[in-house]
Amino acid sequence: MNDFFGPLWNALPEPLRLQLEGYATGFWAILPQLILSVLFLLFVWAVIRAVRWLLPRTLRRARMRRALIDVIMMLITVGLWLFGVLIAVTIAFPTITPGKALTALGVGGVAIGFAFKDVFENFLAGVLLLIREPFSIDDYIDCEDIEGQVEEITIRDTHVRQTDGQLVVAPNAMFFKNPVTIRTARDVRRTTIICGVAYGEDVDKAREIIAKAVRGVDAVRDDVRDVEIFAQEFADSAINFEVTWWTGSRPIDIRSSRDKVVAAVKRALDDAGVEIPFPYRTMTFAEPLTLRHEDDSGQQPAG
């Protein structure tokens, strides 16, 4: 082996050989310290594994929210790794003090922060969303043309399943910086339809018929708040009523209750003989019209 590398080593320029010899000498000099730093990192890894196994069980017994547990575990894990790497560097290179390492880490952190601004923005927004929890898993939300059910909230993004089945993965910063409508913040939600009756009908009688029909629908939660019916306007062909009731807050609850209420109101008005008018149109002309009719032979009479 020496016969092979000897001539090659002697062929190298002397400055390069001296530099490589210095590298080799320095490596063997700090090898014990490198081994100690690696062993210390293995110890830190073991501590983190133990913490990740023990702490979540303790927090769950304390009935802490799952999202908050995830945030706490993430912050503890990141903190322990940063502490471990900092100590390992000072063990491997004694000339690097903790103060110098923190200074280098701070300067590098600023540079990394500028380079990954959007990533850190979404990360921090995710942490705040998980801590504050303005909405949770299975909630129906609406934000920036995204409407659907929340399936998962991670540190970086939120998964929303739209009512048509499509999955939208949106950055957390969008939900943190923009208004979010939480449609299932309560178990019930108000919904409204417009119902018109003919001008010839009795308004009070029509209101009573509509109210009784709506209260009879099983999807209407009149135990929460009573049905509200107001005569709204004089429309072109009818007097319009605003019919309002409370039902479940999910989108399927809203659609189902509207379907049942419309059918019940139509049936009740028909049974009572109350007319739901078609649109009427009255046509006027600036000049009188001459009416013509055909005789029995199919010919139009003269004049």
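These remarks concern the structure in this document. Quantities reported herein were computed from a predicted structural model and do not represent experimental measurements.

## Here we look at the overall build of the protein chain
For the protein chain, the helix and strand inventory stands at eight helices and eight strands. When each of the 303 residues of the protein chain is scored for burial, the buried share is 29%. Within the protein chain, contacts between residues separated by at least 24 positions form 61% of all contacts whose residues are at least 6 apart in sequence.

## Some points on the pattern of salt bridges
Taken as a whole, this structure holds nine salt bridges when the rule is applied. Between D204 and R207 there is a salt bridge; the shortest N-O distance is 2.9 Å. A residue pair is termed a helical-turn pair when its members lie 3 or 4 positions apart in one helix, as D204 and R207 do in helix α7 (residues 203-215) at three residues. Residue D204 is classed as partly exposed on the basis of its relative accessible area of 48%.

## So, the sheet that holds strand β5 (residues 181-182)
Read across the sheet, five strands follow the order β4-β3-β2-β1-β5 without closing on themselves; strand pairing throughout is antiparallel. Of all the strands in the sheet, just β4 (167-171) and β5 have a single pairing partner and so form its edges. Pairing geometry for strand β1 (residues 140-143) and β5, over two bridges, is antiparallel. Across the sheet, the residue bridging to I141 is I182, located in β5.

## Some thoughts on α7
In this model, α7 (13 residues) spans 18 Å end to end at C-alpha, consistent with the 18 Å of a helix rising 1.5 Å per residue. Within α7 the residues assigned to the buried category are A206, I209, I210, A211, A213 and V214. Elements that come into contact with the buried residues of α7 comprise β6 (188-197), β7 (228-234), β8 (239-248) and α8 (251-271).

## Examining the packing of aromatic side chains
Per the counting criterion, the structure on display carries three aromatic pairs. When the centroid spacing of 5.8 Å and the interplanar angle of 65° are considered together, the rings of F135 and F175 count as edge-to-face. On the criterion of sequence distance, the pair formed by F135 in the loop between α5 (117-132) and β1 and F175 in helix α6 (residues 172-177) is long-range, its members being 40 residues apart. The residues F135 and F175 share a single accessibility class, namely buried.

## Some details on the pairing of strand β2 (residues 146-153)
Two strands pair when backbone bridges link them, and β1 and β2 are joined in this way by four bridges, in the antiparallel orientation. Residue pairing for β2: Y140 is matched across the bridge by Q149. Joining the antiparallel neighbours β1 and β2 is a turn of two residues, in which E144 adopts a positive phi near 50°. Pairing geometry for β2 and strand β3 (residues 157-162), over five bridges, is antiparallel. Of the residues in β3, the one forming a bridge with E152 is H159. As consecutive antiparallel partners, β2 and β3 are separated by three residues.

## Some remarks on α8
Counted at 1.5 Å a residue, the expected span for α8 with its 21 residues is 30 Å, and the 30 Å between its end C-alpha atoms agrees. Buried residues along α8 sit against β1, β6, α7 and β8. Positive phi shows up at G273, right after α8, with a value of about 75°.

## Describing the side chain of T77
Tracing the sequence through the fold places T77 in helix α3 (residues 66-92). Discounting chain neighbours no more than four positions away, the residues touching T77 are I48 and R52.

## Some remarks on the packing of α7 against α8
Two elements in contact, α7 and α8, have axes whose closest approach is 9 Å; the angle formed by their N-to-C orientations is 135°. Taken together, α7 and α8 sit at an angle that is classed as oblique. Crossing hand, α7 versus α8: right-handed. Contacts from I209, I210, A213 and V214 in α7 reach V261, A264, V265, A268 and L269 in α8. Here the residues of the contact of α7 with α8 are counted per class, giving nine nonpolar, no polar and no charged.

## What about the sheet that holds β8?
Sheet architecture is open: three strands sit in the order β6-β8-β7, paired in antiparallel fashion. Unpaired on one side and paired on the other, β6 and β7 mark the two borders of the sheet. Taken pair by pair, the neighbouring strands of this sheet meet at an average axis angle of 25°, ignoring direction. For β6 and β8, the ladder comprises ten bridges, and the chain directions are antiparallel. For T192, the partnering residue across the bridge sits in β8 and is T244. Along the sheet, α8 contacts β6 and β8; its crossing angle with β6, the most-contacted strand, is approximately 30°.

## Section: the nonpolar core
Core analysis: the largest hydrophobic core is formed by 23 residues, its most contacted members being I210, V214, V243, W245, V261, V265 and L269. For this core, the elements supplying multiple residues, two or more each, are β6, α7, β8 and α8. Ranked by residue count, the leading element in this core is α7, at six residues. If you look at the next biggest cluster of nonpolar residues, it comprises 17 residues, including L130, I146, A170 and M174.

The rules behind these values
Residues numbered from 1 in each chain as written. Predicted model: local features only at pLDDT ≥ 70, side-chain atom pairs only at ≥ 80, totals over all residues. Heavy atoms only, no water. Helix = DSSP H or I, 4+ residues; strand = E, 2+ residues; numbered from the N terminus. Buried < 20%, exposed > 50% of the residue type's maximum accessible area, 1.4 Å probe, protein only. Contact = heavy atoms within 4.5 Å. Salt bridge = Lys/Arg side-chain N within 4 Å of Asp/Glu carboxyl O. Pairing = 2+ DSSP bridges. Expected span 1.5 Å × (residues − 1). Phe/Tyr/Trp six-rings, centres within 6.5 Å; stacked < 30°, edge-to-face > 60°. Axes fitted to C-alpha atoms, helices over the stretch in contact; angles between N-to-C directions. Parallel < 35°, antiparallel > 145°, perpendicular 65-115°, else oblique. Left-handed = near helix turned anticlockwise from the far one by under 90°. Nonpolar A, V, L, I, M, F, W, Y, C, P; charged D, E, K, R; others polar. Core = buried A, V, L, I, M, F, W, Y, C linked by side-chain atoms within 4.5 Å.

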